[in-house]
Amino acid sequence: MTDAAPLKALLSEDEIPTHWYNIVADLPSPPPPHLHPGTREPLTPEDLAPLFPPGMIEQELSTERWIEIPEEVRDIYRLWRPSPFHRALRLEQALGTTARIYYKYEGASPVGSHKTNSAVPQAYFNKLAGRTRLTTETGAGQWGSALAFASQIYGLTCDIWQVRSSFESKPYRHALMETFGATCYPSPSDITEAGRALRERFPDTTGSLGMAISEAVEAAGKDPDASYSLGSVLNHVALHQTVIGQEVLKQLPMLGESQIDYLFACAGGGSNLAGISFPIIRENLAGRQSTKIVACEPQAAPSLTQGEYRYDFGDTEGTTPLLKMYTLGADFVPDPVHAGGLRYHAMAPLVSFCKHEGLMDAVAIGQREAFEAGVLFARAEGIVPASESNHAIAGAFRQARQATAEGSSPVIVIGVSGSGQLDLPAYTEYLSGQMSDG
Ligand SMILES: *Cc1c(COP(=O)(O)O)cnc(C)c1O
């Protein structure tokens, strides 16, 4: 049980990245532009103006490699960044693997996930533009609580539409949102036209992220003082999350490693995966790393492994711009599996493009396999991972077992996107043998 090597790499606050990394600048070819839903022409900044503040629009369409993080945002980041990077030695021993396993933990943020990395700059740029209210959707509630937290920092009102199945099964998440001062509605609701139309069409629906987006977009569009805010999928969200991967690249040598052989991250809309992997794809493209990147998505919403790569809407009602992405269709309603944050019908355009160009791979993982991995991880490392993160852990376990069988010792890095303290009902279900494999 003795190993002299350090178990975790902790950076100081002045090592928080000063810039976000925009992968668009380094991709082998330009990714397909977002299109206007009416004209099917590439989106202009004016098209986005009713929904987003100028700072976000600029970032969404930017081709600059580095975008400076405002000092005011870095100052808030200091509440939880830099996040720790761990050697999972006890986990390796529990698995009896020859692989060396590391993980980057984003669960120590104020709301227990990576989502605050984007919520804070989004609220900041809205405040800068004079907006007073933000609207958004949330699945399991991680994004909603992150935006609720960020909104109250800047004195903004925050209205959140939460997928109905999660609203009902995860009461502590809306307690968290309300603690941060937000108002939370189960979606589809009867306070928007989109919500009323959806309830008429699908009276028994458990809701979906696509439906909740339609409601939040409508509410923002009708209020000149409001902006819509999205927690994943869009380019500017992926951009904000790149603080994760930049920190990993600084932390890796602190634990005596220079190369990452495999990187696993879970993929719902694609933001934590983008955040940890894009800085590493940059290293791959420059020949400094040759990391195999694996997106781990749930079997219940397998956009990357079974979707089509085409233009589709981000929401159910067809009100968002058209995005080129792997999609299961905008009206896809997944089974209400526990990994609420992974239940999206499509995948971020930049992640989709990277997959399409062969810069990353993807696997789909069932929820029982995911929770089996999560429980093993919790018992070895003392951290209960978020339901979503369990998919990345399970993906890494497949690789670790293969390495053991081959007698090789690759370096495997896992993005653990959040804490599972509020997912404990799902753990109970798994431990009592009641969980379906969906
Ligand atoms: C929201 C969420 C996800 C899924 O969203 P991505 O945009 O794919 O990262 C994954 N893990 C956690 C903990 C989340 O809160």
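First, a word on scope: everything that follows refers to the structure included in this document. (Residues numbered from 1 in each chain as written. Predicted model: local features only at pLDDT ≥ 70, side-chain atom pairs only at ≥ 80, totals over all residues. Heavy atoms only, no water.)

### Points about the overall build of the chain
We count it as follows: Each helix is a run of H or I in the DSSP string that is no shorter than four residues. Each strand is a run of E no shorter than two, and both are numbered from the N terminus. Here the radius of gyration uses the C-alpha set of atoms, whereas the globule reference equals 2.2 Å times the residue count to the power 0.38. When accessible area is computed with a 1.4 Å probe and restricted to protein chains, residues below 20% of their type maximum are described as buried, those above 50% as exposed, and intermediate ones as partly exposed. What makes two residues a contact is simply this: any of their non-hydrogen atoms within 4.5 Å.
Of the regular secondary structure elements, the chain holds 18 helices and 15 strands. At 20 Å, the chain has a C-alpha radius of gyration in line with the 22 Å of a compact globule built from 438 residues. Overall size of the chain, expressed as C-alpha extent along the three principal axes, is 60 × 50 × 40 Å. Buried residues in the chain amount to 63% of all 438 residues. Within the chain, contacts between residues at least 6 apart in sequence are counted, and of these 75% link residues at least 24 apart.

### As for the pattern of salt bridges
The criterion, for reference: Salt bridge, as used here: a side-chain nitrogen of Lys or Arg that lies within 4 Å of a carboxyl oxygen of Asp or Glu.
Applying the stated criterion across every chain, the model contains 22 salt bridges. Arg173 is the salt-bridge partner of Asp423, the closest N and O atoms lying 3.1 Å from each other. Of this pair, Asp423 sits in the loop between β15 (411-416) and α18 (424-431) while Arg173 is found in helix α8 (residues 171-179), placing the two residues 250 residues apart along the sequence. Residues Asp423 and Arg173 agree in their burial class; the two are buried.

### Notes on the site of the ligand
Put simply, the rule reads: Here a residue is considered near a molecule or strand provided that any single heavy atom belonging to it is located within 4 Å of it. Under this definition, polar contacts are N or O atom pairs within 3.5 Å; protein pairs additionally need one hydrogen-donor-capable and one acceptor-capable atom, and for neighbouring residues in sequence, both atoms have to be side-chain atoms. Surface accessibility follows the Shrake-Rupley procedure with a 1.4 Å probe radius. Residue values consider only the protein chains on display as shielding.
Around the ligand sit 18 residues in total, of which Lys115, Ser232, Gly268, Asn272 and Ser417 are the nearest. Interatomic distance of 2.5 Å between a side-chain N/O atom of Ser232 and an oxygen atom of the ligand. Between an oxygen atom of the ligand and a main-chain N or O atom of Gly270, the distance comes to 2.8 Å. When the ligand sits alone it has 380 Å² of accessible area, and the protein chains cover 98% of it.

### Examining the pairing of strand β6 (residues 133-138)
So the rule is basically this: What makes two strands pair is DSSP finding at least two bridges between them.
Most of β6 sits inside the fold, with 6 of its 6 residues counted as buried. Along β6, one buried face is formed by Arg133, Thr135 and Glu137 and the opposite face, lined by Leu134, Thr136 and Thr138, is buried too. Taken together, the 6 bridges between β6 and strand β7 (residues 157-163) define a ladder with parallel strand orientation. What sits directly across from Leu134, in β7, is Cys158.

What is shown is where atoms sit, not what they do.
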